[in-house]
Amino acid sequence: MIDLRSDTVTRPSEGMRAAMARADVGDDVYGEDPTVRELEERVAGLLGHEAALFTPTGSMANVLAVGLLVAPGQEVLCESRAHIARAELGAHGAVSGLTMRTWSHPRGQVDLAAVEDLFAPDLGPFFVRTAAISVENTHNFAGGAVLPIGELQALRAFASERGAAVHLDGARLWNAHVATGVPFSAYGATADVVAVCLSKGLGAPVGSLLVGPAALVAEARVRRKRLGGGMRQVGILAAAGIYALDHHVERLADDHAHARLLAEACGVDPATVDTNIVAFDRPDAVAVVEKARADGVLIGAVGARTVRVVTHLDISRADAEAAARVLAAL
Ligand SMILES: *Cc1c(COP(=O)(O)O)cnc(C)c1O
């Protein structure tokens, strides 16, 4: 089987497993795991922020991040297919007690005019107030689309002028960086709090980080424990993340090339594929997924009509070419 359902399906390589086995560890709830601290400092530095917090999942990093910026009863604005709106099972409402309104863009981009229309200033005790705006880069369900840095900068300026915060769901910020060459610190400067995942394109088995100002990250540490996310000798997991940062960032360019090759086979213009995800609409999405499976290729349906194909570390050029032949025939 050639597995193109998600970039989360990768298995740790020998090198990564060796790094995990060697890791120095301690009890991270006491702040005593040196490998976790090294990873947190490294990722905070990379994004030009003061501090970072290791979390078991990207969903937990997002729930903590948005919950720090938006009080119960306030709202966050985001694009309608954002992961926080569609793929976190309502956690932001169920756990944090906040509300959400959305704008829609076919490529998951910031639509500043729409944001301006939605934005609700503090008008007193009558209306829900917009406390934060959330963006996703790259945008998962919009086919791995990159959000241009200029638009993120404009959004940050818009939000700052109105006293609102910006959350960046950067689960695949690594892919955006490799696709554009924009430094991580430039992306970091466009948000108050950023979440990044190690378990997507970077190929680590577990782990995400929340990145932001020291005071917010300190509060996130308390809330992570409250959610049951305080972990002990997790340096063995952080070591996988450090290994991934050392070895698996620049190679994302291969995944992007493989995705363009698969796009062509699926009848999608490769010029519209920014990174490692190809998403396209088919009225019979579920049937297409089943037929591909029968021919040895696993792909996913991420909506009643949307098919998604994702390349990753465990997909070689030959795998991508073989899958492209199967998908083209379908
Ligand atoms: C995968 C993903 C996350 C986090 O997912 P987890 O499975 O909880 O780690 C967050 N945002 C986006 C855009 C993602 O693709």
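Keep in mind it's a predicted model, so treat the numbers as computed, not measured. (Residues numbered from 1 in each chain as written. Predicted model: local features only at pLDDT ≥ 70, side-chain atom pairs only at ≥ 80, totals over all residues. Heavy atoms only, no water.)

Some remarks on the overall build of the protein
A tally of regular secondary structure across the protein gives 14 helices and twelve strands. The globule rule puts the C-alpha radius of gyration for 330 residues at 20 Å, and the 20 Å found for the protein is close to it. The dimensions of the protein, computed from C-alpha atoms along their principal axes, are 60 × 50 × 35 Å. Looking at the 330 residues of the protein, the share that counts as buried comes to 55%. Once local pairs closer than 6 in sequence are excluded, the contacts in the protein between residues at least 24 apart make up 75%. Accessible surface for the protein amounts to roughly 13,400 Å². Of this, 53% is attributable to carbon and sulfur atoms. Taken as two groups, the 30 positive and 39 negative side-chain charges of the protein have centres that lie 4 Å from each other. (Helix = DSSP H or I, 4+ residues; strand = E, 2+ residues; numbered from the N terminus. Rg over C-alpha atoms; globule rule 2.2 N^0.38 Å. Buried < 20%, exposed > 50% of the residue type's maximum accessible area, 1.4 Å probe, protein only. Contact = heavy atoms within 4.5 Å. Areas by Shrake-Rupley, 256 points an atom, 1.4 Å probe, with all protein chains shown as cover. Lys, Arg positive; Asp, Glu negative; His and termini not counted. Charge placed at Lys NZ, Arg CZ, Asp CG, Glu CD.)

Observations regarding the site of the ligand
Close to the ligand lie 13 residues, the nearest being Gly58, Ser59, Asp169, Arg172 and Lys200. Gly58 has a polar backbone atom sitting 2.8 Å from an oxygen atom of the ligand. With respect to the ligand, the side chain of Asn140 contributes an N or O atom lying 2.9 Å from an oxygen atom. Ranked by residue count, the leading element in the shell around the ligand is helix 3 (residues 58-69), at three residues. (Near = heavy atom within 4 Å. Polar contact = N/O pair within 3.5 Å; in protein donor to acceptor, adjacent residues only side chain to side chain.)

Some points on the sheet that holds strand 12 (residues 306-310)
Strand order in this open sheet of three strands is 9-12-11, and the pairing throughout is antiparallel. Of all strands in the sheet, those bounded by a partner on one side alone are strand 9 (277-281) and strand 11 (300-301). Two elements, strand 11 and strand 12, share two bridges in a ladder whose sense is antiparallel. In the strand pairing of strand 12, Ala301 is matched with Val307. (Pairing = 2+ DSSP bridges.)

Some thoughts on the packing of helix 8 (residues 173-180) against helix 12 (residues 252-265)
Packing of helix 8 against helix 12 brings their axes to within 9 Å, and their N-to-C directions diverge by 80 degrees. By the angle between their directions, the pair helix 8 and helix 12 is classed as roughly perpendicular. Contacts between helix 8 and helix 12 involve Trp174, Asn175, Val178 and Ala179 from the former and Leu252, Ala253 and His256 from the latter. Residue classes in the contact of helix 8 with helix 12 are distributed as five nonpolar, two polar and no charged. (Axes fitted to C-alpha atoms, helices over the stretch in contact; angles between N-to-C directions. Parallel < 35°, antiparallel > 145°, perpendicular 65-115°, else oblique. Nonpolar A, V, L, I, M, F, W, Y, C, P; charged D, E, K, R; others polar.)

Quick look at the environment of Arg223
Note on placement: Arg223 falls in helix 10 (residues 214-226). Those residues within four positions of Arg223 in sequence are excluded, and the remaining contacts are Leu64, Gly67 and Leu68.

As for helix 7 (residues 149-161)
Under the 1.5 Å per step criterion, the end-to-end length of helix 7 is 18 Å for 13 residues, consistent within 8% with the ideal 18 Å. For helix 7, the set of buried residues is Leu152, Leu155, Phe158 and Ala159. Buried residues of helix 7, viewed axially, fall in a sector of 120 degrees; they line one side. Check the buried side of helix 7 and you find it contacts helix 6 (112-118), strand 5 (130-136), strand 6 (165-170) and helix 9 (184-188). Two residues or fewer after helix 7 comes Gly163, characterised by a positive phi angle close to 70 degrees. (Expected span 1.5 Å × (residues − 1). Arc of directions from axis to C-beta.)

Some thoughts on the UniProt feature "domain: Aromatic amino acid beta-eliminating lyase/threonine aldolase" (unreviewed entry) in the protein
When the UniProt feature table is mapped to this numbering, "domain: Aromatic amino acid beta-eliminating lyase/threonine aldolase" (unreviewed entry) covers residues 3-267. For the annotated span residues 3-267, helix accounts for 43% and strand for 15% of the residues, and the straight-line distance between the end C-alpha atoms is 20 Å. (UniProt positions renumbered as here; feature names shortened; annotations may be inferred.)

A short note on the sheet that holds strand 5
Within the open sheet, the seven strands sit side by side as 2-8-7-6-5-3-4. Their pairing is mixed. Edge positions in the sheet fall to strand 2 (51-55) and strand 4 (99-103), since each has one partner strand and no second. Strand-to-strand twist in this sheet, taken as the mean axis angle between neighbours without regard to direction, amounts to 20 degrees. Of the pairings in the sheet, the one linking strand 2 to strand 8 (residues 208-212) comprises five bridges and is antiparallel in character. The partner of Thr55 across the bridge, within strand 8, is Ser208. Running at roughly 175 degrees to strand 5, helix 7 makes contact with strand 5 and strand 6 of the sheet.

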